[in-house]
Amino acid sequence: MNEVIIQFFEWYYPVDGTLWKKVSEEAAFLKNAGISAVWLPPAFKGSRGINSEGYDVYDLYDLGEFDQKGSVRTKYGTKQEYIHAIRTLQQQNIKVYADIVLNHLGGADETEKVMARKVDPENRNQFTSTPFEIEANTRFTYPNRKKKYSAFEWDYNCFTGVDCAKGIDEKCIYTLVNDYGESWEEVIGEEKGNYDYLMFSDIEFRNPAVREELKRWGKWYFETAGFDGIRLDALKHISPDFYNEWLDYMRTHVKHDLLVIGECWFPDNIDVLLEYIKATESRIHLFDVPLHYHFHNASKAGKEFDMRTIFNNTLVGVRPDLAVTFVENHDTQPFQSLESAVDPWFKPLAYALILLRQEGLPCVFYCDLYGSCYTEKLLDGTIQQVTMPIISSLEKLLMARKEYGWGKQYDYFDHPNCIGWVREGDGSHKPCAVIMSNGEAAEKEMQIGKQYAGKCFIDLLGLQASEVWLNQDGIGKFQAGAGSVSVWVPKE
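Residues numbered from 1 in each chain as written. Predicted model: local features only at pLDDT ≥ 70, side-chain atom pairs only at ≥ 80, totals over all residues. Heavy atoms only, no water.

Caption draft 1: Fine view of the state of the cysteines. Going through the model one piece at a time under the given rule, you end up with zero disulfides. Its sulfur unpaired, C264 is 17 Å from the next cysteine sulfur, which belongs to C363. C432 supplies the cysteine sulfur nearest to C456, a cysteine that is in no disulfide, at a spacing of 15 Å. (Disulfide = S-S within 2.5 Å.)

Right under this line is the structure:
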């Protein structure tokens, strides 16, 4: 089948413990819609308890089982509900991808007095102090879990850096002087000199005890949850050497066909993504971040954006076998850390570009299928409401991928505002012609194939009322509305 992932959460999902239940309730619908895999959010307890989205991970072994950080359940529900959601999806032959955050821990149980050095936040290789003592949040003992599943305790030797110290009001980044040095680990890219440190207590992967504990945890997590694949968070902040070792262990001792997708956020530098792929020897599929930013920019520029360039310098353009294409995610939503929202008018075009082409593994965003409305408090105290509308054509585009997104592909990227392509179908699936315009209404001649001469085509999305009849050479003149996309398929 033509695989499609859905990211089944968003940053502002209600803090009511219902997400795992909703996953179970929606499983049959997702299957019928053509979804083949569901990416679920981090399931472990975060430092803010039920208010945590999971990326401020506190205890990797607490999937909503222990009374920690003020609650037993997580924002999304209990451990039992999580496991039930996974099994319900798998009963529908939908794969489950677990979100894994191994860059840092937050919400330490105790502080420790440690030696540290300040660094320049814009050039983390530059020390701005000599070593001095701070009291850091680096002791994780999990007293309420009482060593169930693991007796491992984290201390300062398990971390490379922190961004706060008890009794010091100044906000700055510190490297910790531990048994493995006082510098950062080597990471890919030159952003901020070295972008090993992101937030909270940054994990020290040079410590062999840490690496072994994370292998034990990975095995436990799979045996507990039984997921089919994983999504790895914050790859550019973690040494690729660690994930090479960890993934080889997971694929050798846990699940040999484990699918791995990673977030490596370099918006406009395809060369760094390729460098990461080389460093990890193609072990990891990567989200096509440059393509997302093309979508964002195109939605803002309107007809001034040259649609012929939409795949230039993208991962799907150079390594389609490892590209996971997406339009939007939880980080790009309005008011989020990587805000780069795609305007609603352009989303049908963007989804056609990832769902109806041969290249890439597409990922659909929760808000675009279900919608979202939320508020955010601004710095001046005012409250702003955000509405992310349901993309009304998305279900039909998913159906089009399932029924018509097959066979050889022929591109007509020959006009700055109007592009198109044809999928010729195969023995089991009929062909389609896709045309879109980011300017005025447009039309384009495209050849479906001589074997379809005399056939009638209609717009599956219902936006064009006319019919297109192919001539003796299987060529038709297909239309798209202004700022719109149409998918032309044979009339039944």
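After that view, the rundown keeps rolling.
Caption draft 2: Fine view of the nonpolar core. Ranked by size, the top nonpolar core spans 145 residues in total, and within it Y82, W154, Y221 and W246 carry the most contacts. The residues contacting W154, other than those within four sequence positions of it, are L105, T138, R139, F140, Y142, F159, I203, V210 and L214. A433, M446, F478 and A480 belong to the second-largest nonpolar core, a separate cluster that totals 15 residues. (Core = buried A, V, L, I, M, F, W, Y, C linked by side-chain atoms within 4.5 Å. Buried < 20%, exposed > 50% of the residue type's maximum accessible area, 1.4 Å probe, protein only. Contact = heavy atoms within 4.5 Å.)

Caption draft 3: Representation of helix 3 (residues 208-225) in the model. Helix length check: helix 3, at 18 residues, gives a terminal C-alpha distance of 26 Å against a target of 26 Å (1.5 Å per residue), a fit within 8%. Within the sequence span of helix 3, burial applies to V210, R211, E213, L214, K215, W217, G218, W220, Y221, F222, T224 and A225. Packed against the buried residues of helix 3 are helix 2 (79-91), strand 5 (95-100), strand 12 (201-203) and helix 4 (240-253). N-capping of helix 3 is provided by N207, with a side-chain oxygen placed 2.9 Å from the backbone N of A209. At the C-terminal side of helix 3, G226 shows a positive phi close to 65°. (Helix = DSSP H or I, 4+ residues; strand = E, 2+ residues; numbered from the N terminus. Expected span 1.5 Å × (residues − 1). Polar contact = N/O pair within 3.5 Å; in protein donor to acceptor, adjacent residues only side chain to side chain.)

Caption draft 4: Seen up close, the side chain of N438. Along the chain, the position of N438 falls in the loop between strand 22 (432-437) and strand 23 (442-447). Take N438: its relative accessible area is 5%, and that puts it in the buried class. For N438, the side chain forms a polar contact with the main-chain oxygen of G302, separated by 3.0 Å. For N438, the contacting residues outside a window of four places in its chain are G302, K303, F305, M307, W345, P416, N417 and G483.

Caption draft 5: Region of interest: the sheet that holds strand 1 (residues 5-7). Strand order around the closed barrel formed by eight strands is 1-2-5-13-14-15-16-17, with parallel pairing between neighbours. Adjacent strand axes in the sheet meet at a mean angle of 25°, parallel and antiparallel pairs treated alike. Where strand 15 (residues 285-287) and strand 16 (residues 323-326) come together, two bridges link them in parallel fashion. Its bridge partner being in strand 16, L286 is matched across the sheet by A323. (Pairing = 2+ DSSP bridges. Axes fitted to C-alpha atoms, helices over the stretch in contact; angles between N-to-C directions.)

Caption draft 6: Just helix 2, in detail. The first and last C-alpha atoms of helix 2 sit 18 Å apart over 13 residues, in line with the 18 Å expected at 1.5 Å per residue. Buried residues belonging to helix 2 abut helix 1 (19-33), strand 2 (37-40), strand 5 and helix 3.

Caption draft 7: Main features of the packing of helix 3 against helix 4. Following both chains from N to C, one finds helix 3 and helix 4 inclined at 35°, their axes separated by 10 Å at the closest point. The interaxial crossing formed by helix 3 with helix 4 has right-handed handedness. In this structure, helix 3 uses R211, E212, L214, K215, W217, G218 and K219 to contact helix 4, whose residues at the interface are F242, E245, W246, Y249, M250 and H253. Among the residues making up the contact of helix 3 with helix 4, the classes are represented as six nonpolar, two polar and five charged. (Left-handed = near helix turned anticlockwise from the far one by under 90°. Nonpolar A, V, L, I, M, F, W, Y, C, P; charged D, E, K, R; others polar.)

Caption draft 8: Region of the structure containing the pattern of salt bridges. Here the structure, examined in full by the defined rule, presents 41 salt bridges. Here E182 makes a salt bridge to R117, at a shortest N to O gap of 2.4 Å. One end of the pair, E182, is in the loop between strand 11 (173-176) and strand 12; the other, R117, is in strand 7 (residues 110-120), and 65 residues separate them in sequence. Three or more residues joined by partner-sharing salt bridges are found here, namely R48, E53, D56 and K75. (Salt bridge = Lys/Arg side-chain N within 4 Å of Asp/Glu carboxyl O.)

Caption draft 9: Quick peek at empty space enclosed by the protein. All chains considered together, the criterion is met by three cavities of 30 Å³ or more. Of the pockets and cavities examined, the largest cavity occupies roughly 70 Å³. Forming the walls of the largest cavity are D59, L60, Y61, L105, Y142, R145, F152, W154, E213, L214 and W217. Ranked by residues supplied to the lining of the largest cavity, first place goes to helix 3 with three residues. When grouped by side-chain class, the residues that make up the lining of the largest cavity number eight nonpolar, no polar and three charged. (1 Å grid on protein atoms, 1.4 Å probe; cavity = no way out; pocket = protein on both sides within 12 Å on 5 of 7 lines; lining within 4 Å. Points joined across faces, edges and corners; volume = space filled by probe spheres on them.)

Caption draft 10: Quick look at the pairing of strand 24 (residues 456-459). Pairing of strand 24 with strand 25 (residues 468-469), which is carried by two bridges, proceeds in the antiparallel orientation. Paired with F457 across the two strands is V468, which belongs to strand 25. Here strand 24 pairs with strand 27 (residues 484-490) via three bridges, running antiparallel. Note that in strand 27 the partner of F457 across the bridge is P490.

Caption draft 11: Seen up close, unusual backbone geometry. One non-glycine residue, Y149, lies in positive phi territory at about 75°. Tracing the sequence through the fold places Y149 in the loop between strand 9 (132-139) and strand 10 (159-162). Phi angles above zero are rare outside glycine, and S282 is one such case at about 60°. Mapped onto the elements of the fold, S282 is located in the loop between helix 5 (270-279) and strand 15.

Caption draft 12: The environment of D62, seen in detail. Inspection of the secondary structure assignment puts D62 in the loop between strand 4 (57-59) and helix 2. Of the residues examined, D62 reaches a relative accessible area of 0% and is grouped as buried. A C-alpha to C-alpha distance of 48 Å links D62 and K430, two positions 368 residues apart in sequence. Polar side-chain contacts of D62 include one of 2.8 Å to the backbone nitrogen of E65. At 3.2 Å, the side chain of D62 forms a polar contact with the backbone nitrogen of F66.

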